[in-house]
Amino acid sequence: MSAVPGDAGGHRGWSAEESAVISRAVHNAPSVHNSRPWSLELRDRTAELRERPTLLAQHDPGGRDRRISCGAALANLVLAVRGLGWAVEEKLGSDAGLVLAAVTATGRAEPSEVERRRSEAVLERRSYREAFDGSELPESTRDALLEAVAAPGVTGRWISGADETLAVARLLTYAARVFRGNAEYQRELSSWTTEAGDGLRRDAFGERGLAAVGLTTGRTHLPDESVLAARMQREAVLVVGVQTDGPVDQVRAGAAVEQAWLEATGRGLVASVMTQPLHLAEVRSELAAGLGFAEAPQVLMRVGRPARR
């Protein structure tokens with residue numbers, strides 16, 4: 001990463017302080033296997049985020065999670081620049097088959113209260129895969145999270161009712177069995193699990209409820225689908241989809257999910273996301289059909305209040 005610092009003579013580059021704020025925000029974006037599959041370059045008044053190819057052949061064969069991760073980094077980048085008091089112009093495209101986003105500061109403009117709150121939540125956001133406290137999310141909160149996830153080409157929908165929940169539980173347990181029986185996938189997952197926390201920490205693997213079928217190891221005890229459905233009904237689960245399932249759309253989905261995650265964090269809630277089951281085309285298509293969801297599902301996001309200890 002390179003940065004062009006500002007100076008007292010009116011240089012149009014980023015100051016050292018601005019560069020640090022932007023870099024820290026991007027660094028704290030959630031990413032597949034904590035791999036941060038992007039590069040960041042700061043120059044003039046533009047911050048450029050580029051998808052970086054990785055070798056997650058079994059976990060992410062099409063680069064879907066990689067691009068969703070880049071979208072989360074893009075959301076943090078935009079919020080950081082807005083939090084610094086700059087209006088922004090975003091350009092999103094591709095270069096040599098990799099997604100490229102450019103965020104340019106175009107003039108001074110104070111952030112909105114929503115942008116300020118989400119920007120402040122960037123360093124507080126964490127993945128929470130334990131059980132929630134069991135309380136229901138108010139409709140006003142659900143509506144706010146749907147509004148946060150809404151973006152051009154991106155839509156969110158809450159899973160509701162016993163029938164929908166059971167149908168989703170069946171698809172998730174099916175996907176979990178597929179991945180648990182994939183030896184190459186299991187070897188890769190094991191290689192990313194580190195005691196030092198450089199890759200996947202031990203708490204990345206949920207033990208109950210929806211989180212239990214997200215990252216499935218050979219030792220994961222898969223709950224019966226009816227048990228999983230009952231646990232899911234005690235959680236708020238959001239499906240996020242895109243109108244067209246292309247690389248740029250997957251980046252937009254990641255950015256939208258991060259906006260909703262930060263909105264939840266700013267409201268004192270916790271969340272975690274799941275993408276692995278949606279790598280299976282049959283799961284994506286059956287999930288969309290079962291929910292009457294016109295969009296291509298990209299992410300499942302569970303939201304709630306942390307359980308008291």
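Just so you know, these numbers come straight off a predicted model, no measurement behind them. (Residues numbered from 1 in each chain as written. Predicted model: local features only at pLDDT ≥ 70, side-chain atom pairs only at ≥ 80, totals over all residues. Heavy atoms only, no water.)

Visitor: Describe the overall build of the protein chain, and please don't skip the residues or the numbers.
Guide: Looking only at helices and strands, one finds nine helices and eight strands in the protein chain. Evaluated residue by residue, the protein chain yields a buried proportion of 52% over its 309 residues. Taking the contacts inside the protein chain whose residues are at least 6 apart along the sequence as the reference set, 73% of them involve residues at least 24 apart. Here the protein chain has roughly 14200 Å² of accessible surface; of this, 48% comes from carbon and sulfur atoms. (Helix = DSSP H or I, 4+ residues; strand = E, 2+ residues; numbered from the N terminus. Buried < 20%, exposed > 50% of the residue type's maximum accessible area, 1.4 Å probe, protein only. Contact = heavy atoms within 4.5 Å. Areas by Shrake-Rupley, 256 points an atom, 1.4 Å probe, with all protein chains shown as cover.)

Visitor: So what's going on with the nonpolar core? Which residues, and what values?
Guide: Ile22, Leu49, Leu74, Leu77 and Val81 are the most contacted members of the largest nonpolar core, which has 28 residues in total. Elements represented by at least two residues in this core include exactly α1 (16-27), β1 (38-43), β2 (46-51), α2 (64-83), β4 (98-108) and α8 (247-266). Ignoring anything within four residues of it in the chain, the contact list for Leu74 reads Leu49, Glu90, Ala101, Val103 and Val251. Core analysis: the second largest hydrophobic core is formed by 23 residues, Val149, Trp158, Ala271 and Val299 among them. (Core = buried A, V, L, I, M, F, W, Y, C linked by side-chain atoms within 4.5 Å.)

Visitor: Tell me about the pairing of β4, and name the residues and values.
Guide: One ladder, built from five bridges, connects β2 with β4; its direction is antiparallel. When the sheet's bridge partners are listed, Thr46 is paired in β4 with Thr104. As judged from the 10 bridges shared by strand β3 (residues 86-95) and β4, these two strands associate in the antiparallel manner. Following the sheet pairing, Lys91 is matched in β4 by Ala102. (Pairing = 2+ DSSP bridges.)

Visitor: Explain the pattern of salt bridges to me, using residue names and the numbers behind them.
Guide: Going through the model one piece at a time under the given rule, you end up with 18 salt bridges. Measuring nitrogen to oxygen at the nearest pair gives 3.8 Å for the salt bridge that ties Arg116 to Glu113. One end of the pair is Arg116 and the other is Glu113, both in helix α3 (residues 113-121) and three residues apart, which spans about a single turn. Look at Glu113 and you get exposed, because its relative accessible area is 57%. With its nearest N and O atoms 2.8 Å apart, the salt bridge here joins Arg117 to Glu263. Of this pair, Arg117 sits in helix α3 while Glu263 sits in helix α8, placing them 146 residues apart in sequence. (Salt bridge = Lys/Arg side-chain N within 4 Å of Asp/Glu carboxyl O.)

Visitor: Break down the side chain of Asp65 for me, citing the residues and quoting the values.
Guide: Within the secondary structure layout, Asp65 lies in helix α2. Arg64 is the oppositely charged side chain nearest to the buried, salt-bridge-free Asp65, at an N-O distance of 6.2 Å. The residues touching Asp65, leaving out its near neighbours within four places in the chain, are Val32, His59, Asp60, Thr275, Gln276 and His279. (Lys, Arg positive; Asp, Glu negative; His and termini not counted.)

Visitor: Any details on the packing of aromatic side chains? Residues and values, ideally.
Guide: Across all of its chains, the model carries one aromatic pair by this definition. The positively charged end of Arg302 is found above the aromatic ring belonging to Phe132, 4.1 Å away from the centroid. (Phe/Tyr/Trp six-rings, centres within 6.5 Å; stacked < 30°, edge-to-face > 60°. Lys NZ or Arg CZ within 6 Å of the ring centre and 35° of its normal.)

Visitor: An account of the sheet that holds strand β6 (residues 236-242) is requested, with residue identities and associated values reported.
Guide: The strand order across the open sheet formed by four strands is β5-β6-β8-β7, and the pairing between neighbours is antiparallel. Among the strands making up the open sheet, the edge pair consists of β5 (154-158) and β7 (270-274). Within this sheet the neighbouring strands show an average axis-to-axis angle of 25°, counted without direction. Packing against the sheet, α8 makes contact with β5, β6, β7 and β8 (296-304), and its axis sits at approximately 10° to β8. (Axes fitted to C-alpha atoms, helices over the stretch in contact; angles between N-to-C directions.)

Visitor: Residues and numbers for the confidence of the model for the protein chain, please.
Guide: Of the residues in the protein chain, 81% have a pLDDT of 70 or more, and the chain-wide mean is 86. A low-confidence stretch, residues 1-11 (pLDDT under 50), is modelled with 24 contacts involving residues beyond four sequence positions or located in other chains. Predicted confidence is poor over residues 202-212, with pLDDT under 50, and the contacts of this stretch with residues over four places away or in other chains come to 29 contacts. (pLDDT = per-residue confidence, 0-100.)

Visitor: Which residues make up unusual backbone geometry, and what values go with them?
Guide: Look at Asn34: it is not a glycine, yet its phi comes out positive at around 55°. Locating Asn34 in the fold gives a position in the loop between α1 and β1.

Visitor: Run through helix α7 (residues 225-232), naming residues and quoting values.
Guide: Listing the buried residues of α7 in full gives Leu228, Ala229 and Met232. Viewed end-on, α7 has its buried residues packed into an arc of 100°, placing them on one side of the element. In this fold, the buried residues of α7 make contact with α5 (162-180) and β6. (Arc of directions from axis to C-beta.)

Visitor: Account for the sheet that holds β4, naming residues and giving values.
Guide: Ordered by their spatial adjacency, four strands build an open sheet running β1-β2-β4-β3, and the pairing between neighbours is antiparallel. Both edges of this open sheet fall to β1 and β3, since each of them pairs with a single strand only. Here the average twist between neighbouring strands, direction ignored, is 15°. Along the sheet face, α8 touches β3 and β4 and points at about 145° away from the line of β3.

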